[in-house]
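Breakdown of the fold
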Amino acid sequence: MSELCPTVRPMNEHEAVERTRRHYDAVAELYDSMVRQGDDDAGALTRAMINAFASLVLAGGSDSAVLDAGCGPGQWVDHLDRNGIRAYGIDVSPAMIAIARQYRPDLPFEVESMLQLKAPDRSIAGILAHFSLIHTPPDLLPAVLVEFARVIEPGGPLLIAAQISDSPGDEGWTPYDHRASPAYVWSLDALTERLRAHDFTELGRMRIAAPAQGKPSAGYLLARHNAYGSAQI
Ligand SMILES: C[S@@+](CC[C@H](N)C(=O)[O-])C[C@H]1O[C@@H](n2cnc3c(N)ncnc32)[C@H](O)[C@@H]1O
């Protein structure tokens, strides 16, 4: 992974997307088998947050679909669908999307980047970004959040999951040697601040203990897009 050290120089959107696509296409089957194995403790906490997100979507009463941005093999689109929520998944990795379609050929999965969403303005009931923003170079994160703020309906919930750190440095993030592709750990406070600049307000958060010494904890941040936001994006 050293060839791809994320701190060497800024990447443009195209380079970042192509890097992620290449890396996840190479590990898609392995990733899928790991995801399907699950983890009882972390899995229970994860489902609690995803179900809280789902409850907010249902309470919002929108007829629109939920977007799983960076859906990987599609397990959360499947989960949301089984819980009565219309959802679709996008991912830059065609191999991931092929796997998602194999499991659920009846659900919509598309190869697409969250840096350039096809959804029209204010057309999405809620957005899930489950460990998918972690590969976005920090200087490109605002471009993703502009897209999220553009497509989400007023008041729609956003759930972000990411590896986190309490001491990520002055900028709020630090590079992380992820097994699949270069990644970045954030502090939840820094993520909340970035979200605020795009009219998302934090509703709550959760930390899942690190799986082993030296590994980062996982953080969940549940936010809502302000119905009548005023921030300049
Ligand atoms: C760690 S995996 C998480 C997959 C799934 N969300 C899960 O929870 O298992 C990260 C996924 O995000 C996707 N991804 C990363 N950057 C993306 C982008 N800009 N647009 C769409 N997908 C992206 C990757 O291709 C990969 O499938």
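Throughout what follows, the structure given in this document is the object of discussion. (Residues numbered from 1 in each chain as written. Predicted model: local features only at pLDDT ≥ 70, side-chain atom pairs only at ≥ 80, totals over all residues. Heavy atoms only, no water.)

**Concerning the environment of L191**
Position of L191 among the secondary structure elements: in helix α6 (residues 188-196). The spatial distance from the C-alpha of L191 to the C-alpha of L158 is 12 Å, given a sequence separation of 33 residues. Setting aside its immediate chain neighbours within four residues, L191 contacts L141, I160, W186 and L221. (Helix = DSSP H or I, 4+ residues; strand = E, 2+ residues; numbered from the N terminus. Contact = heavy atoms within 4.5 Å.)

**A word on helix α4 (residues 94-103)**
All buried positions along α4 are accounted for by M96, I97, I99 and A100. Angularly, the buried residues of α4 cover 160 degrees about the axis, an arc narrow enough to put them on a single face. Those residues of α4 that are buried are in contact with α1 (13-37), β2 (87-91) and β3 (109-111). (Buried < 20%, exposed > 50% of the residue type's maximum accessible area, 1.4 Å probe, protein only. Arc of directions from axis to C-beta.)

**Considerations on the packing of aromatic side chains**
Taken as a whole and judged by the stated rule, the model has three aromatic pairs. Taking the centre distance of 5.7 Å and the plane angle of 80 degrees together, the rings of W173 and Y184 count as edge-to-face. On the criterion of sequence distance, the pair formed by W173 in strand β6 (residues 173-176) and Y184 in strand β7 (residues 183-186) is long-range, its members being 11 residues apart. The ring of Y103 carries R36 above its face, with NZ or CZ at 3.6 Å from the centroid. (Phe/Tyr/Trp six-rings, centres within 6.5 Å; stacked < 30°, edge-to-face > 60°. Lys NZ or Arg CZ within 6 Å of the ring centre and 35° of its normal.)

**Overview of α6**
For α6, the set of buried residues is L188, A190, L191, T192 and L195. Contact partners of the buried residues in α6: α5 (141-151), β5 (157-164), β7, β8 (200-208) and β9 (217-225).

**What about the site of the ligand?**
Taken together, 19 residues surround the ligand, and among them Y31, G70, Q75, D91 and H130 come closest. At 3.0 Å, a backbone N or O of M114 approaches a nitrogen atom of the ligand. Coverage of the ligand by the protein amounts to 98% of the 600 Å² it exposes when considered alone. Counting residues per element, the ones that place at least two in the shell around the ligand are α1 and α3 (75-82). Element by element, the count of residues in the shell around the ligand is highest for α1, at four residues. When grouped by side-chain class, the residues that make up the shell around the ligand number nine nonpolar, eight polar and two charged. (Near = heavy atom within 4 Å. Polar contact = N/O pair within 3.5 Å; in protein donor to acceptor, adjacent residues only side chain to side chain. Areas by Shrake-Rupley, 256 points an atom, 1.4 Å probe, with all protein chains shown as cover. Nonpolar A, V, L, I, M, F, W, Y, C, P; charged D, E, K, R; others polar.)

**Focus: the pairing of strand β4 (residues 126-130)**
Along β4, five of the five residues are buried, which leaves the element largely enclosed by surrounding structure. Side chains G126, L128 and H130 of β4 all project onto a buried face; the interleaved residues I127 and A129 project onto the opposite face, where all are buried too. In the sheet, β4 pairs with β5 via four bridges, with the strands oriented parallel. Considered in β5, the bridge of I127 is made with L158. (Pairing = 2+ DSSP bridges.)

**Some details on the environment of I97**
Relative to the helices and strands, I97 resides in helix α4. Its relative accessible area of 0% is what places I97 among the buried residues. For the pair I97 and E112, spaced 15 residues apart in sequence, the C-alpha separation works out to 9.7 Å.

Remember, this is a structural readout, not a statement about activity or role.
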